[in-house]
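What follows is the residue order along each chain.
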Amino acid sequence: MSIESSYEDARKLYAKHGIDVDEVLRKLAQIKISVHCWQGDDVRGFLFQDQELTGGISVTGNYPGAARTPQELRSDLEKAFSLIPGKHKVNLHAIYADTNEQVDLDQLEPRHFQSWVDWAKAQGLGLDFNPTCFSHEKSADGFTLSHPDADIRRFWIDHCKASRKIGAYFGEQLGQTCVTNVWVPDGYKDIPADRLAPRRRLMEALDEVFAEELDPKHNLDAVESKLFGLGAEAYTVGSHEFYMGYGIKNDKLICLDAGHFHPTEVISNKLSSLSLFTSGILLHVSRPVRWDSDHVVVLDDELLDIGRELVRNELLDTTHIGLDFFDASINRVAAWVIGTRNTIKALLRAMLEPAEALKQAELEGDYTTRLALAEEFKSYPFGAVWDYYCGQSGVPVREEWLAEVKSYEKSVLPGRGDSAHVVHQS
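The structure reproduced in this document is the subject of the present report. These numbers come from a predicted model, not from an experiment.

Cut-offs used in this document
Residues numbered from 1 in each chain as written. Predicted model: local features only at pLDDT ≥ 70, side-chain atom pairs only at ≥ 80, totals over all residues. Heavy atoms only, no water. Phe/Tyr/Trp six-rings, centres within 6.5 Å; stacked < 30°, edge-to-face > 60°. Buried < 20%, exposed > 50% of the residue type's maximum accessible area, 1.4 Å probe, protein only. Lys NZ or Arg CZ within 6 Å of the ring centre and 35° of its normal. Helix = DSSP H or I, 4+ residues; strand = E, 2+ residues; numbered from the N terminus. Core = buried A, V, L, I, M, F, W, Y, C linked by side-chain atoms within 4.5 Å. Contact = heavy atoms within 4.5 Å. Arc of directions from axis to C-beta. Axes fitted to C-alpha atoms, helices over the stretch in contact; angles between N-to-C directions. Parallel < 35°, antiparallel > 145°, perpendicular 65-115°, else oblique. Left-handed = near helix turned anticlockwise from the far one by under 90°. Nonpolar A, V, L, I, M, F, W, Y, C, P; charged D, E, K, R; others polar. Salt bridge = Lys/Arg side-chain N within 4 Å of Asp/Glu carboxyl O. Polar contact = N/O pair within 3.5 Å; in protein donor to acceptor, adjacent residues only side chain to side chain.

1. Section: the packing of aromatic side chains
Geometrically, a pair of aromatic rings is defined through the distance of the ring centres and the angle of the planes.
Piece 1. Applying the stated criterion to the full structure yields 17 aromatic pairs.
Piece 2. The interplanar angle of 80° and the centroid separation of 5.1 Å between the aromatic rings of Phe-242 and Tyr-243 together place this pair among those described as edge-to-face.
Piece 3. Under the relative-accessibility criterion, Phe-242 is labelled buried at 13%.
Piece 4. On the basis of relative accessibility, which here comes to 1%, the residue Tyr-243 falls in the buried class.
Piece 5. By the ring-pair criterion, three or more aromatic residues cluster together here, those being Phe-210, Phe-242, Tyr-243 and Tyr-246.
Piece 6. Lying across the ring of Trp-116, Arg-74 places its NZ or CZ 4.7 Å from the centre.
Piece 7. Between Arg-349 and the ring centre of Phe-382, over which it is positioned, the NZ or CZ distance is 5.4 Å.

2. Details of the environment of Asp-9
Piece 1. Residue position: Asp-9 is located in helix α1 (residues 3–15).
Piece 2. On the accessibility criterion, Asp-9 (43% relative accessible area) is partly exposed.
Piece 3. Asp-9 sits 342 residues away from Met-351 along the chain, and the two C-alpha atoms are 17 Å apart.

3. Focus: the nonpolar core
Piece 1. Counting residues in each nonpolar core, the largest one holds 118 residues, and the members touching the most others are Tyr-14, Leu-92 and Leu-145.
Piece 2. At eleven residues, helix α10 (residues 332–351) tops the list of elements feeding residues into this core.
Piece 3. The residues contacting Tyr-14, other than those within four sequence positions of it, are Ile-19, Val-21, Leu-352, Phe-377, Tyr-380, Pro-381, Phe-382 and Val-385.
Piece 4. Grouped together as the second largest cluster of nonpolar side chains are five residues, Val-179, Ala-222, Leu-253 and Leu-282 included.

4. Quick look at helix α7 (residues 240–250)
Piece 1. Along α7, the residues that are buried comprise His-240, Phe-242, Tyr-243, Tyr-246 and Gly-247. In an axial view of α7, the angular spread of the buried residues amounts to 160°, which keeps them on one side of the axis. Among the exposed residues of α7, those pointing more than 90 degrees away from its buried face are Glu-241 and Lys-249.
Piece 2. Tucked inside the fold, the buried residues of α7 contact α6 (196–209), β6 (219–224) and β8 (253–257).
Piece 3. Backbone geometry just downstream of α7 places Asp-251 in the positive-phi region, at approximately 55°.

5. Some remarks on the packing of α1 against helix α13 (residues 382–392)
Piece 1. Remark: α1 packs on α13, axes separated minimally by 8 Å, with the N-to-C direction vectors making an angle of 130°. As summarised for this structure, α1 and α13 are arranged oblique, according to the angle between their axes. When you trace α1 past α13, the crossing you get is left-handed. Residues Ile-3, Glu-4, Ser-6, Tyr-7, Ala-10 and Tyr-14 of α1 pack against Phe-382, Ala-384, Val-385, Asp-387 and Tyr-388 of α13.
Piece 2. When its residues are assigned to classes, the contact of α1 with α13 shows eight nonpolar, one polar and two charged.

6. Points about the pattern of salt bridges
Piece 1. Per the stated rule, a full pass over the model turns up 26 salt bridges.
Piece 2. The residue Arg-164 makes a salt bridge to Asp-221 at a minimum N-O spacing of 2.9 Å. In this pair, Arg-164 is assigned in helix α5 (residues 150–174) and Asp-221 in strand β6, connecting sequence segments 57 residues apart.
Piece 3. Here Arg-164 falls in the buried class, since its relative accessible area comes to 4%.
Piece 4. What you see here is one network of salt bridges that share partners, running through Arg-68, Glu-72, Asp-76 and Arg-416.

7. Examining the side chain of His-36
Piece 1. By the secondary structure assignment, His-36 is in strand β1 (residues 33–36).
Piece 2. Among the residues examined, His-36 registers a relative accessible area of 0% and is labelled buried.
Piece 3. A polar contact of 2.6 Å, which involves the side chain of His-36, links it to the backbone oxygen of Phe-325.
Piece 4. Look past the residues within four positions of His-36 in its chain and what remains in contact with it is Asn-91, Leu-323, Asp-324, Phe-325 and Trp-336.

Quick look at the structure:
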C-alpha cells in the first residue's frame, strides 16, 4: 500500500472522531523547534581554545567527526534540517561566536555573530541565544551572577546584558523573536551555611541584567532552574522556586528543562499550572537517565505527555520548544535528527487524539470511556500520517534518513580526523 493511500485511510478513520488530519498537518508545519547547536561539537564552542567544560556539565563519548569550526557546525546543521520536516530555529550559546578577534564574553557584540545571522537568513531559520556562564576562568569556583566578589559578578552581569542585545539583534534581523535564556551553574558541593545571600545576589544581578527594556517582538527573556549539578550537589542558587518566583514577578519566561528536577518529577505535569500565572513558557526537551544526563530524546511516555499537555491546553502559541541534549557516543547529526523528529512526532500524536471527547467524558464522570478511548487511540494509524507529512515536506520517510546520515559521515566527517578541536580562522 502506498504512503498516499495509507494516509487517505487514516484520514477517514480520524475523521470519524471529528479530527481533521489535513488541518492538523497545517498547524504542525507552523511549529518551530529550537535545535541546540551544542550537540554538534560537545559544548565546546569557538571562543576559547582548549577550555575545559565546566558548570556541572558532562559530555561522554568519542564518536569521530565533531564540528571544529562554525562552517563545519553549520554544514552539519544543514544536513540535519534536510532530514527534519518543517522550518525551525537554531539555539546558540555565546561561546559559538564566529570571529577571529580576541574578545571576552563581556565584550561580545552582534557583529561577532553576523555570519550566523546571514546563514540563518539564507536558510529561512530563526535564532535563539544563551549567555555562556560556564567554561571560563571567572566561573572556575562555580559561581557567576551570584558570586560574592563584586568584580566577578560585574563581569557576568555585563556578559548577560551583552547577550540580550545580541538576542534582540537576531530577532530584528530575522523577523523571528529570539528567546535569550539565562542559566547559571552557581552552587555548593556541600551544605552551605547561608542559602539566602547568594540568592539575594542573584536576584539583584538579574534585576540589573534585565533593566534595559527591549522590544519583545525581537527578544524575550527566560530564566532556567536546575536541581543540582556536578560539583553543586548540595545547593543550587537558581532553584525552581527561585526562578518561578522571579519569573512570575518580573514577567520573564520560566524555562522548564526535563532533566532539571528530581528523578520522580516530570515537567509535563507542571505546564498547566505554570501557564495560569505566566505569559509564556520556555521548554527544554531532554531525557535524563537517573540525573540530568541529557540523553537524546526518544518517543517515551514523558515526551508524549508533554505533547498532550501543550496541545490539549492550547499552549503551543505561548510555549517556546527547544532541545537540550548532547551525546558524543553516536553520530551527532543523527542525534539531532532523532531528537527533533521525535519531538515533532509527540506533538502530532497529541493532535491526532480526541481531546474534546476525552475531556467531555471526564466532565461527565464517564471514566470508562475516557480510559477506553485513550487506550484505543494508541494503536490508531499515527504512523501513516507521519509518513505522509515527511513525504509532503520533502524529507525522508521512516528510517530512510539514516542512509543519508551514513553517507554524510563517510564523505564529510573523515576529513575532520578525530574529535579534537581546532582554532577557528574567520
